[in-house]
Amino acid sequence: ILVAWALSKGRPMPKTATAWGAVAAFAVVDAAMFQGFLAEGLQRTSAGLGSVIIDSQPLTVAILASIFFGETLGVEGVAGLALGVLGLLLLELPEDALKSVVNSDGADALSALRFEGSLWDSGEWWMLLAAQSMAVGTVMVRWVCKYVDPVMATGWHMALGGVPLLAYSVATEPSVYENLDKLTTGDVGGLLYTSLLGSALAYGAFFYFASKGSLTK
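Residues numbered from 1 in each chain as written. Predicted model: local features only at pLDDT ≥ 70, side-chain atom pairs only at ≥ 80, totals over all residues. Heavy atoms only, no water.

Caption draft 1: Region of the structure containing the overall build of the chain. In terms of regular secondary structure, the chain is built from eleven helices and zero strands. Along the chain, helices and strands appear, N-terminal first, in the series α-α-α-α-α-α-α-α-α-α-α. Taking the contacts inside the chain whose residues are at least 6 apart along the sequence as the reference set, 84% of them involve residues at least 24 apart. When the accessible area of the chain is evaluated, it comes to approximately 12700 Å², of which 67% is carbon and sulfur surface. (Helix = DSSP H or I, 4+ residues; strand = E, 2+ residues; numbered from the N terminus. Contact = heavy atoms within 4.5 Å. Areas by Shrake-Rupley, 256 points an atom, 1.4 Å probe, with all protein chains shown as cover.)

Caption draft 2: Geometry of the packing of aromatic side chains. One pass over the structure, following the stated rule, counts seven aromatic pairs. Geometrically, the ring pair formed by Trp20 and Trp156 is edge-to-face, given 5.2 Å between the ring centres and 75° between the ring planes. With Trp20 in helix H2 (residues 17–44) and Trp156 in helix H9 (residues 150–172), this pair connects stretches of sequence that are 136 residues apart. Taken together, a centroid distance of 6.2 Å and an interplanar angle of 80° make the contact between Trp143 and Tyr147 edge-to-face. Cluster of aromatic residues (ring-pair linked, three or more members): Phe26, Tyr203, Phe206 and Phe207. (Phe/Tyr/Trp six-rings, centres within 6.5 Å; stacked < 30°, edge-to-face > 60°.)

Caption draft 3: The nonpolar core, seen in detail. Formed by 36 residues in total, the largest nonpolar core has its most connected members in Phe34, Ile54, Val148 and Leu215. For this core, the elements supplying multiple residues, two or more each, are helix H1 (2–8), H2, helix H3 (47–54), helix H4 (57–69), helix H8 (123–144), H9 and helix H11 (185–210). No other element matches the eleven residues that H8 contributes to this core. Excluding residues within four positions of it along the chain, Ile54 makes contact with Phe34, Leu38, Met127, Ala130 and Ala131. (Core = buried A, V, L, I, M, F, W, Y, C linked by side-chain atoms within 4.5 Å. Buried < 20%, exposed > 50% of the residue type's maximum accessible area, 1.4 Å probe, protein only.)

Caption draft 4: Representation of the pattern of salt bridges within the structure. In the structure shown here, the tally under the stated rule is three salt bridges. When the shortest N-O distance is used, the salt bridge between Arg44 and Glu40 registers 2.6 Å. Taken together, the residues Arg44 and Glu40, both in helix H2 and four residues apart, mark about one turn of the helix. Taking the relative accessible area as the measure of exposure, Glu40 reaches 18% and is therefore buried. Glu71 is the salt-bridge partner of Arg142, the closest N and O atoms lying 3.3 Å from each other. Linking Arg142 in helix H8 with Glu71 in the loop between H4 and helix H5 (74–92), this pair joins segments that are 71 residues apart in sequence. Relative accessible area serves as the criterion here: at 15%, Glu71 is assigned to the buried category. (Salt bridge = Lys/Arg side-chain N within 4 Å of Asp/Glu carboxyl O.)

Caption draft 5: How the structure looks around H11. Here H11 is 26 residues long and its end C-alpha atoms lie 35 Å apart, about the 38 Å a rise of 1.5 Å per residue gives. Residue Ala202 marks the point of greatest curvature in H11, where the axis turns by about 30°. All of the buried residues in H11 are Ser199, Ala200, Tyr203, Gly204, Phe207 and Ala210. On its buried face, H11 sits against H1, H2, H8 and H9. (Expected span 1.5 Å × (residues − 1). Bend = angle between axes of the 7 residues up to and from the residue.)

Caption draft 6: A look at the packing of H4 against H8. Across the interface, H4 lies against H8 with an axial gap of 8 Å and an inter-helix angle of 35°. Once H4 is placed against H8, the crossing between them reads as right-handed. On H8, the residues that touch Gln57, Thr60, Val61, Leu64, Ala65 and Phe69 of H4 are Ala131, Gln132, Met134, Ala135, Val136, Thr138, Val139 and Arg142. When the residues that make up the contact of H4 with H8 are grouped by side-chain class, the tally is nine nonpolar, four polar and one charged. (Axes fitted to C-alpha atoms, helices over the stretch in contact; angles between N-to-C directions. Left-handed = near helix turned anticlockwise from the far one by under 90°. Nonpolar A, V, L, I, M, F, W, Y, C, P; charged D, E, K, R; others polar.)

Caption draft 7: View of the side chain of Ser133. Along the polypeptide, Ser133 turns up in helix H8. Judged by its relative accessible area of 6%, Ser133 is buried. There is a polar contact of 2.9 Å between the side chain of Ser133 and the backbone oxygen of Leu129. Residues within four places of Ser133 in sequence aside, it is in contact with Val29, Asp30, Met33, Phe34 and Phe37. (Polar contact = N/O pair within 3.5 Å; in protein donor to acceptor, adjacent residues only side chain to side chain.)

Caption draft 8: Structural view of the side chain of Thr154. Its place among the elements puts Thr154 in helix H9. In terms of polar contacts, Thr154 uses its side chain to reach the backbone carbonyl oxygen of Pro150, at 2.7 Å.

Caption draft 9: Representation of H9 within the structure. In this model, H9 (23 residues) spans 33 Å end to end at C-alpha, consistent with the 33 Å of a helix rising 1.5 Å per residue. Residue Val163 marks the point of greatest curvature in H9, where the axis turns by about 25°; the proline Pro164 follows within four residues. Turning to H9, its buried residues number three or more, namely Pro150, Val151, Met152, Ala153, Thr154, Gly155, His157, Gly161 and Ser169. Check the buried side of H9 and you find it contacts H1, H2, H8, helix H10 (174–178) and H11.

These figures capture arrangement, not role.
See the structure below:
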């Protein structure tokens, strides 16, 4: 839908191998990896905590934008990022670990950070991976838009990035496709809302502005 809208507005399609290569790389990082990690994380943690962890991505964007594009933050920006890191730590660390840190007992803090099961069972870990994928994708858009219109790149990267996710879903979630006929009006409405407003509109606007101004802002 986003590609069709871009075409209706006269925005150019990617034409060269370099342009399609840039879109493909963008699709792998920001669409397939970000959306895949996000979906795995949401199954293992609450949407509220997950959204907070996802909001850590501006911290990574600020660092990468400074390294690759020389963007500066100033004193206020650095202070804001420091507060952001502190806030995330307060939300993320287990209560026992926080108490140990306050009591200056480093050994107990490390012990409290250990958890049962594999790291890959942690929803917070998947969410952190999703945040870093989106951060890298946000920084990539400046490079991608040297070769491709930002709205067109957004539409194509979502379409291409969805292919490996769909293939993985078909291979591992057969029950989903066995029950498609049982989708309710609410289910379909939720999918349409996510696709049109949460994806096409939100991503189109996000990457359009990311390609124009300060990446960190």
